[in-house]
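Below, each chain spelled out in residue letters.
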Amino acid sequence: MSETPGTDALQFERADFGSAPSGVQNVVCASCHRPVLQSYYTLGDNILCSACREERERAGDAWGGVRLLRAILAGFGAAVAGAVLWWGVRKLTGYEIGIISIAIGIGVGRAVLWGSRNRGGVAYQLLAVFLTYAAVAGNYMPDVVEAIRDQAKNEKPAATASAAAKAKPVEASAAASAGGLLVALAAIFALAAIAPFMAGASNIIGLLIIAFGLWEAWKINRRRVVEIRGPFAVTHG
Ligand SMILES: [Zn+2]
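Residues numbered from 1 in each chain as written. Predicted model: local features only at pLDDT ≥ 70, side-chain atom pairs only at ≥ 80, totals over all residues. Heavy atoms only, no water.

Points about the coordination of the zinc ion
Taken together, the protein donors to the zinc ion comprise Cys-29 (SG), Cys-32 (SG), Cys-49 (SG) and Cys-52 (SG), at separations of 2.2 to 2.3 Å. In this structure, the zinc ion is coordinated by 4 donor atoms arranged in tetrahedral fashion, with angles at the metal of 103 to 116°. Under the relative-accessibility criterion, Cys-29 is labelled buried at 1%. (Donors = N, O, S within 2.8 Å, 3.2 Å for Na, K, Ca; no water. Tetrahedral: all angles 85-135°; square planar, octahedral: opposite > 155°, others 65-115°. Buried < 20%, exposed > 50% of the residue type's maximum accessible area, 1.4 Å probe, protein only.)

Remarks on the side chain of Thr-132
Within the element layout of this structure, Thr-132 appears in helix H5 (residues 122-155). Assessed through its relative accessible area of 1%, Thr-132 is described here as buried. Engagement of the side chain of Thr-132 in a polar contact is seen with the backbone oxygen of Ala-128, the distance being 2.7 Å. Apart from residues lying up to four places away in sequence, Thr-132 is in contact with Ser-101, Ile-104, Gly-105, Val-108, Gly-213, Leu-214 and Ala-217. (Helix = DSSP H or I, 4+ residues; strand = E, 2+ residues; numbered from the N terminus. Polar contact = N/O pair within 3.5 Å; in protein donor to acceptor, adjacent residues only side chain to side chain. Contact = heavy atoms within 4.5 Å.)

A closer look at the sheet that holds strand S3 (residues 228-233)
Strand pairs in the sheet, formed through backbone hydrogen bonds, run parallel or antiparallel to each other. Ordered by their spatial adjacency, 3 strands build an open sheet running S2-S1-S3, and the pairing between neighbours is antiparallel. Sheet topology places strand S2 (46-49) and S3 at the edges, where each strand pairs with a single neighbour. Sheet twist, expressed as the average angle between the axes of neighbouring strands with direction ignored, equals 35°. As paired elements, strand S1 (residues 39-43) and S2 share 4 bridges and run antiparallel to each other. Counterpart to Tyr-41 in the pairing with S2 is Leu-48. Each of S1, S2 and S3 touches helix H2 (residues 50-59); the most contacted strand, S2, lies at about 95° to it. (Pairing = 2+ DSSP bridges. Axes fitted to C-alpha atoms, helices over the stretch in contact; angles between N-to-C directions.)

Overview of the pattern of salt bridges
In the structure shown here, the tally under the stated rule is 2 salt bridges. Across the pair Arg-90 and Asp-143 runs a salt bridge, and its minimum N-O distance is 2.9 Å. On the criterion of sequence distance, the pair formed by Arg-90 in helix H3 (residues 64-93) and Asp-143 in helix H5 is long-range, its members being 53 residues apart. Accessibility expressed as a relative area gives 11% for Arg-90, which makes it buried. Among the residues examined, Asp-143 registers a relative accessible area of 25% and is labelled partly exposed. Put simply, Glu-216 and Lys-219 hold a salt bridge, and the shortest N to O gap is 3.4 Å. (Salt bridge = Lys/Arg side-chain N within 4 Å of Asp/Glu carboxyl O.)

Some points on a nonpolar patch on the surface
A cluster of nonpolar residues, Ile-148, Leu-191, Ile-194 and Met-198, forms a patch on the protein surface that exposes about 390 Å² of accessible area. Tracing the backbone shows Ile-194 in helix H7 (residues 170-198). A relative accessible area of 41% places Ile-194 in the partly exposed class. (Patch = residues over 30% accessible without salt bridge, like charges linked within 9 Å, V, L, I, M, F, W, Y side chains within 5 Å. Areas by Shrake-Rupley, 256 points an atom, 1.4 Å probe, with all protein chains shown as cover.)

So, the packing of H3 against helix H4 (residues 100-115)
In the contact formed by H3 and H4, the axes pass within 7 Å of each other and the chain directions differ by 160°. Considering their axes alone, H3 and H4 lie roughly antiparallel with respect to each other. Crossing angle aside, the handedness with which H3 passes H4 is right-handed. Only Ile-100, Ser-101, Ile-104, Gly-107, Val-108, Ala-111, Val-112, Trp-114 and Gly-115 of H4 make contact with H3, whose side of the interface consists of Arg-67, Arg-70, Ala-71, Ala-74, Gly-75, Ala-78, Ala-79, Gly-82, Ala-83, Leu-85, Trp-86 and Val-89. Within the contact of H3 with H4, the residues separate by chemical class into 14 nonpolar, 5 polar and 2 charged. (Parallel < 35°, antiparallel > 145°, perpendicular 65-115°, else oblique. Left-handed = near helix turned anticlockwise from the far one by under 90°. Nonpolar A, V, L, I, M, F, W, Y, C, P; charged D, E, K, R; others polar.)

Considerations on unusual backbone geometry
A negative phi holds for most residues other than glycine; trans holds for most peptide bonds. The omega torsion across Gly-230 and Pro-231 is 0°, close enough to zero to call that bond cis. Mapped onto the elements, Pro-231 comes out in strand S3. Positive phi values are uncommon outside glycine, yet His-33 reaches one of about 60°. A relative accessible area of 56% places His-33 in the exposed class. Positive phi outside glycine occurs at Asn-118, with the angle close to 60°. As for its position among the elements, Asn-118 is in the loop between H4 and H5.

Structure follows, in structure tokens:
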């Protein structure tokens, strides 16, 4: 706020230190935490001063890219944590506890919502659903790797040995192996992503629970229209 400090401002400065006489309504902006002297706006349950309201309306769509990036990073973090959790519980208990996928849907959904600064909308809903399913797939990735390794061991131990013997020069193979690693990871991810469907009808309950998790992620990120209302006058006395 840019008003020259008058008697009201001084009064509120003292009020900040807790000496406000009872009866004086102390209106503080939720965004800049400065006292509001004349009029204020509301955004949901929050009070905004007129300067912050203007700033918010200007920034409204200017920072969409930053919000999306935040949502992707936060959602990805939650998805990785969820995948590790589910995989860990599965390894420790030996049970497929599908209900964890609902918790993952809620966790990833909330992380994406946080990243979007509570905005929601179809793009964030799709992102949350994708990341939730990616967490489900991620949880099966170690199993896919194990299965491939077992198969390679059983089928042709000689072939891998001769392939290693024919290895390319170091520099070339480093770049090739980085690219190869990405391709391999993508392939492993794709195999893990279809894993829940491989059991067919016997895993129908597992699939339903996964669907619930995806639904939670979708629901949490519905577009939230929060209206700014005002101006309202600050009442003194
Ligand atoms: Zn403010």
